[in-house]
Amino acid sequence: AFGVVADIQFADAEDGHDFGGCRRRYYRNSLRLLREAVRAWAGESPPIDFVLQLGDSIDGQNARRGEAESALQQVLEVLGQLSVPVHHAWGNHELYNFSRARLVHSGLYSRPAGGSDGPPDRECHAYHCSPAPRLRLVVLDTYDVSTLGADPGSPRYRESLRVLRERNPNDDLNSPAGLKEPHFVAFNGGFSQAQLDWFDEVLKFSDENQEKVIVMGHVPIHPYASNGVCLAWNYEAALSVIHSHRSVVCVLAGHLHDGAYCLDTHGVHHLTLEGVIETPPESNAFGTIYVYEDKMVLKGRGRIPDRVMHF
């Protein structure tokens with residue numbers, strides 16, 4: 001069993017609204033809801049084995065307020081009360097607050113220290129581990145190709161800007177207005193070929209060893225587990241890798257605060273979790289997933305519905 005939570009986006013700030021101005025965001029309350037989640041996970045029986053934090057743990061406004069470090073510390077302190085590992089995905093809001101180089105030396109760097117569990121690029125926050133026999137977790141970096149958190153003089157930044165500019169001529173690169181491919185906006189990102197090649201090798205190993213694989217990343221990689229905008233730039237390439245193997249059973253993501261779900265044509269479940277940040281104080285948005293031989297059962301809390309996902 002393991003815990004799941006997405007888009008906490010904590011800031012020590014008054015409530016606000018989303019970029020469209022219509023959805024309320026409860027910045028301070030999100031930390032209280034995270035505490036509730038941690039208390040619930042700590043009391044689970046049988047106990048959970050790990051937690052997946054699906055990205056956007058703190059809000060971008062912390063950078064403007066000069067409070068990025070303190071906000072992150074507060075979130076990590078709450079998660080640190082758990083006696084199990086927490087696996088972190090990096091989201092756009094992490095990269096609004098910190099450079100990739102800084103995140104590597106933060107508590108959000110959950111990639112194992114050994115170096116052999118991920119791609120050669122240490123600033124690519126992708127890795128895999130086996131939390132139980134015949135079960136593998138793969139953490140993907142959905143901002144490996146992105147202008148966010150990258151040094152503007154770096155090859156990563158220049159290549160990412162080229163990819164984005166090819167598909168998005170808008171002055172505001174966060175605007176999908178008029179785009180044929182509305183997911184080519186700056187608040188999304190994509191996968192480098194190096195990460196995709198590494199991912200392919202990991203799944204090859206899992207196929208050979210008859211493992212079941214759970215994949216997690218911040219940005220959804222299936223259009224039906226998205227609103228068409230919150231979607232990785234080269235999601236087709238990631239899906240192609242998954243569909244060329246038989247081991248992946250589920251892909252977990254955040255980013256789209258309304259949440260979404262689909263079962264794709266290859267029998268892979270794509271679950272996008274509802275975000276804590278837009279959850280009213282009287283509710284919550286987290287869950288516990290129980291893994292069986294033939295299915296995963298999500299017991300959701302608050303806004304997150306229960307779900308049974310058969311393999």
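Higher on the page you've got the structure.
Residues numbered from 1 in each chain as written. Predicted model: local features only at pLDDT ≥ 70, side-chain atom pairs only at ≥ 80, totals over all residues. Heavy atoms only, no water.

Student: Would you take a moment to explain the sheet that holds strand 10 (residues 260–263) for this structure?
Tutor: Read across the open sheet, the six strands follow the order 6-7-8-9-11-10; overall the sheet is mixed. With one partner strand each, in any of the chains shown, strand 6 (127–132) and strand 10 form the two edges of the open sheet. In this sheet, adjacent strand axes meet at a mean angle of 15° when their direction is disregarded. When strand 6 meets strand 7 (residues 135–139), the two strands line up antiparallel, connected through four bridges. From the neighbouring strand, Ala132 faces strand 7, where its bridge partner is Leu135. Against the sheet, helix 7 (residues 193–208) makes contact with strand 6, strand 7, strand 8 (212–216) and strand 9 (248–253), and its axis sits at roughly 175° relative to strand 7, the strand it touches most. (Pairing = 2+ DSSP bridges. Helix = DSSP H or I, 4+ residues; strand = E, 2+ residues; numbered from the N terminus. Axes fitted to C-alpha atoms, helices over the stretch in contact; angles between N-to-C directions. Contact = heavy atoms within 4.5 Å.)

Student: Explain the pattern of salt bridges to me, please; I cannot follow it from the model alone.
Tutor: Pairs can form between side chains of opposite charge whenever their charged atoms are close. A full pass over the atoms with the stated rule returns 22 salt bridges. With a closest N to O distance of 3.2 Å, Arg23 and Glu278 form a salt bridge. In this pair, Arg23 sits in the loop between strand 2 (16–17) and strand 3 (24–25) while Glu278 sits in the loop between strand 11 (269–272) and strand 12 (285–291), placing the two residues 255 residues apart along the sequence. Judged by its relative accessible area of 8%, Glu278 falls in the buried class. In this structure, Arg162 and Glu166 form a salt bridge, with 2.5 Å as the shortest nitrogen-oxygen distance. Here Arg162 and its partner Glu166 are both found in helix 6 (residues 155–167), four residues apart, which amounts to about one turn of the helix. Judged by relative accessible area, which is 41%, Arg162 ranks as partly exposed. Residues joined in a network through salt bridges with shared partners are Glu159, Arg162, Glu166, Arg167 and Glu181. (Salt bridge = Lys/Arg side-chain N within 4 Å of Asp/Glu carboxyl O. Buried < 20%, exposed > 50% of the residue type's maximum accessible area, 1.4 Å probe, protein only.)

Student: In this structure, what is going on with unusual backbone geometry? I would like to understand it.
Tutor: What you tend to see is this: most non-glycine residues have negative phi, and most peptide bonds are trans. The omega angle of the peptide bond from Ser45 to Pro46 is 0°, so this bond is cis rather than trans. Take Pro46: it is sitting in the loop between helix 1 (29–42) and strand 4 (50–53). Phi angles above zero are rare outside glycine, and Asp7 is one such case at about 50°. With respect to the helices, strands and loops of the structure, Asp7 is situated in the loop between strand 1 (2–5) and strand 2. The class for Asp7 is buried, based on a relative accessible area of 0%.

Student: What should I look at first to understand the state of the cysteines in this one?
Tutor: A covalent bond between the sulfur atoms of two cysteines is what we call a disulfide. Counted according to the given criterion, the structure contains zero disulfides. There is no disulfide at Cys230, and the cysteine sulfur nearest it, in Cys22, is 13 Å away. Owing to a relative accessible area of 9%, Cys230 belongs among the buried residues under this scheme. (Disulfide = S-S within 2.5 Å.)

Student: Could you clarify how one ought to interpret the packing of helix 7 against helix 8 (residues 235–243) in this entry?
Tutor: Interaxial distance between helix 7 and helix 8 falls to 9 Å at its minimum, and their mutual angle equals 20°. The orientation of helix 7 with respect to helix 8, classified from their angle, is roughly parallel. Note that helix 7 runs across helix 8; the crossing there is right-handed. For the pair helix 7 and helix 8, contact is made by Leu196, Phe199, Asp200 and Leu203 and by Ala237, Ala238, Val241 and Ile242, respectively. Of the residues belonging to the contact of helix 7 with helix 8, the class tally is seven nonpolar, no polar and one charged. (Parallel < 35°, antiparallel > 145°, perpendicular 65-115°, else oblique. Left-handed = near helix turned anticlockwise from the far one by under 90°. Nonpolar A, V, L, I, M, F, W, Y, C, P; charged D, E, K, R; others polar.)

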